[in-house]
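If you want the building blocks of each chain, they are given just below.
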Amino acid sequence: MKELTIENAKNELMAIQQKLAAYEHAMAILQYDGATAAPKETAANRGVSLSVLSEEVYKLSTSDDTVEILEFLDLNKEKLDAKTNRMVYLMLKDLREMKKIPMKEYVAYQQLLVEADDVWHRAKEASDFEMFRPLLEQLFETNKRFAHYVSPEKDAYDYCLNQYEEGLNKKTLDEFFGKLRENIVPLLKKISAVPQVDDSVRFGSFSDKKQEELAYYLMKTIGLDLGHVGLSTTEHPFTISLGSHHDVRITTKYVPDDFVCSMYSVIHEGGHALYDTGSAEDLAYTVLDGGTAMSIHESQSRFYENIIGRSRAFCNYVFPFLQQLFPAELKDRTADELYIAVNKAEPSLIRTEADELTYSLHVMIRYELEKRVMAGELEVKDLPKEWNKLYKEYLGIDVPDDKHGVLQDSHWSGGLIGYFPSYALGNAYGAQFLSKMKETVDVDACIEKGDFEPINKWNRENIWQYGRLYTPAEILNRVLGTDFNADYYIAYLTEKVKDIYGV
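The model shown is predicted, which means the values in this text are computed figures rather than measured ones.

Peer 1: I would appreciate a short explanation of helix H9 (residues 208–221) in the present structure.
Peer 2: Think of an α-helix as turning once every 3.6 residues; residues three or four places apart then point the same way. For H9, spanning 14 residues, the distance from its first C-alpha to its last is 20 Å, which sits close to the expected 20 Å at 1.5 Å a residue. Among all positions of H9, only Gln211, Leu214, Ala215, Tyr217, Leu218, Met219 and Thr221 are buried. Those residues of H9 hidden inside the fold are in contact with strand S1 (229–233), strand S3 (248–252), helix H10 (259–277) and helix H12 (312–325). Directly beyond the C-terminal end of H9, a positive phi value near 100 degrees is found at Gly223.

Here you go:
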């Protein structure tokens, strides 16, 4: 390599990131296709392609030239702008971690993820945990091993948690979940003492075609750019960026007798897509493109899904369109009935369909199980039994089978160990963001008019545009001017329960 200067090193850095983005684009398309349109028996084919591409990513990320450029820029950090310094920091961090993991094991893990996803889908369909168990054991063991390679001095689960939110650990989460449990359980007891609300307005016969029309209406309503955001269907809804914030795909699942399921999955995934597509243009094809942490990402998806989507103002706004779309089913029904139905709170089996009040209990169960498996206190083979036990203990319900229990989520099949707490943190972050937003934006008035631009502008200016430039803690401090406080979320839930149930 020619002698490095600040200018040519920065140019080389951008070229490396653009090439990595191209590989990631190809890998993301394969993953997206596998989850949506690919024939069932094609997982092995994708596995071969993904292993080749992941090996190229490994080689490029850890090459001598890449190391030389990053270390040169790191030595000259005082001469760099904040964005370049952050790129260098993140890439060096990933490089140093990746070099501690043998390439053969890294590539093998990518193949394992493809196989695990394929088997999970079949195991869930058959409600057969034993079919998936050997792969899940490998996934947990590989994550433990990688954690030991990278940070032998750190608790393995703390390492996993830190992958999804910089600085997050079990101590912080134990305190957070303890506070939620202390306040949510009494609210559930209050609800159990009064008559349950009527949610029949959401049920009927709703064709996929009409639900798809609703999905596109919702995407446009919340402000998504349909020229850069696509929609498809899959077993478990998700959002994925294909190479950069210029191409983001969301998915949903249509339930024939309940339009609310897809409605809120679209708004949820749409929140993710708004965040991804909201990155500043100069971050495209760099490591700074996209969300800074999954908890901040979830704060956006849960903000749009729940704080906005389940508000009285939004139900009032969207209901006339719903009546046009489903005239027979919603004849003589009201927006207030919809508001009450989508805020009904009661223990249930499925996390993605859980109400706001009980949702964090679903997450807490997964957190406790992951923590115990990573600590060697619980064997993978015993997960179904412990899952069912905790659902009975926390939510008071019996789990009928693996499909509606331990196999319901796709996260473990994707190796996302340590991800689940992001959902609960995101809920709490979103409530505190709302409080700050209301200081300058009349949120309810915007929703009532269907004018999301002031809301989106606030999020774009305060959160989205920065991508990964700042850590989650820095984003929170910049936006809020104070530390995170779960009391905002607890107050939000308490007020919602009082509004719906009068207790």
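Peer 1: Can you help me understand the packing of helix H2 (residues 43–62) against helix H4 (residues 82–99) in this one?
Peer 2: A pair of packed helices can be characterised by two numbers: the angle between their axes and the separation between those axes. Look at H2 against H4: their axes get within 9 Å of each other, and the N-to-C directions meet at 115 degrees. Note that H2 runs across H4; the crossing there is left-handed. Seen from H2, the contacting residues are Tyr58, Ser61 and Thr62; seen from H4, they are Leu95, Met98 and Lys99. Each residue belonging to the contact of H2 with H4 can be placed in one class, and the counts come to three nonpolar, two polar and one charged.

Peer 1: What am I meant to see in the nonpolar core here?
Peer 2: As a rule of thumb, nonpolar side chains are buried together in soluble globular proteins. Within the largest apolar cluster, 170 residues are counted, with the highest numbers of intra-cluster contacts made by Phe132, Leu214, Phe259, Leu383 and Ile455. Once residues lying within four places of it in the same chain are set aside, the contact partners of Phe132 are Ala116, Val119, Trp120, Ala123, Leu139, Leu407, Trp412 and Ser413.

Peer 1: I tried to follow the sheet that holds S3 on my own but got confused; where do I start?
Peer 2: The pairing of strands in a sheet comes from backbone hydrogen bonds and takes either a parallel or an antiparallel form. With respect to topology, three strands assemble into an open sheet ordered S1-S3-S2, the strand pairing being mixed. Each edge of the open sheet is held by one strand with a lone partner, namely S1 and strand S2 (239–241). Taken pair by pair, the neighbouring strands of this sheet meet at an average axis angle of 20 degrees, ignoring direction. In this sheet, S3 lies alongside S1 in parallel orientation, the contact comprising five bridges. Bridge pairing links Gly230 to Arg249 in S3. Across the sheet, H9 lies against S1 and S3, angled at about 150 degrees from S1, the strand it touches most. Its contacts with the sheet place H10 against S1, S2 and S3, and it is angled at close to 165 degrees to S3.

Peer 1: Hey, could you run me through the packing of aromatic side chains in this one?
Peer 2: Each aromatic ring pair is described using two quantities: the centre-to-centre distance and the angle formed by the ring planes. Under the counting rule described, the total for this entry stands at 25 aromatic pairs. Ring geometry for Tyr109 versus Phe146: centroids 5.4 Å apart, planes at 70 degrees, classification edge-to-face. Highlighted residues: Tyr109 in helix H5 (residues 103–126) and Phe146 in helix H6 (residues 129–150), separated in sequence by 37 residues. Phe146 shares its class with Tyr109; the two are buried. Taking 6.4 Å as the distance between ring centres and 85 degrees as the angle between the ring planes, the aromatic pair formed by Phe314 and Phe452 counts as edge-to-face. Separated by 138 residues along the polypeptide, Phe314 in helix H12 and Phe452 in the loop between helix H18 (443–449) and helix H19 (453–462) bring together distant segments of the chain. A network of ring pairs unites the aromatic residues Phe140, Tyr164, Tyr359, Trp387, Tyr391, Trp412, Tyr419, Phe420 and Tyr423 as a single cluster. Positioned above the aromatic ring of Tyr359 is the side chain of Arg302, whose terminal nitrogen or guanidinium carbon lies 3.6 Å from the ring centre. One Lys or Arg, Arg366, reaches over the ring of Phe420 and ends 5.6 Å from the middle of that ring.

Definitions and limits used
Residues numbered from 1 in each chain as written. Predicted model: local features only at pLDDT ≥ 70, side-chain atom pairs only at ≥ 80, totals over all residues. Heavy atoms only, no water. Helix = DSSP H or I, 4+ residues; strand = E, 2+ residues; numbered from the N terminus. Expected span 1.5 Å × (residues − 1). Buried < 20%, exposed > 50% of the residue type's maximum accessible area, 1.4 Å probe, protein only. Contact = heavy atoms within 4.5 Å. Axes fitted to C-alpha atoms, helices over the stretch in contact; angles between N-to-C directions. Left-handed = near helix turned anticlockwise from the far one by under 90°. Nonpolar A, V, L, I, M, F, W, Y, C, P; charged D, E, K, R; others polar. Core = buried A, V, L, I, M, F, W, Y, C linked by side-chain atoms within 4.5 Å. Pairing = 2+ DSSP bridges. Phe/Tyr/Trp six-rings, centres within 6.5 Å; stacked < 30°, edge-to-face > 60°. Lys NZ or Arg CZ within 6 Å of the ring centre and 35° of its normal.

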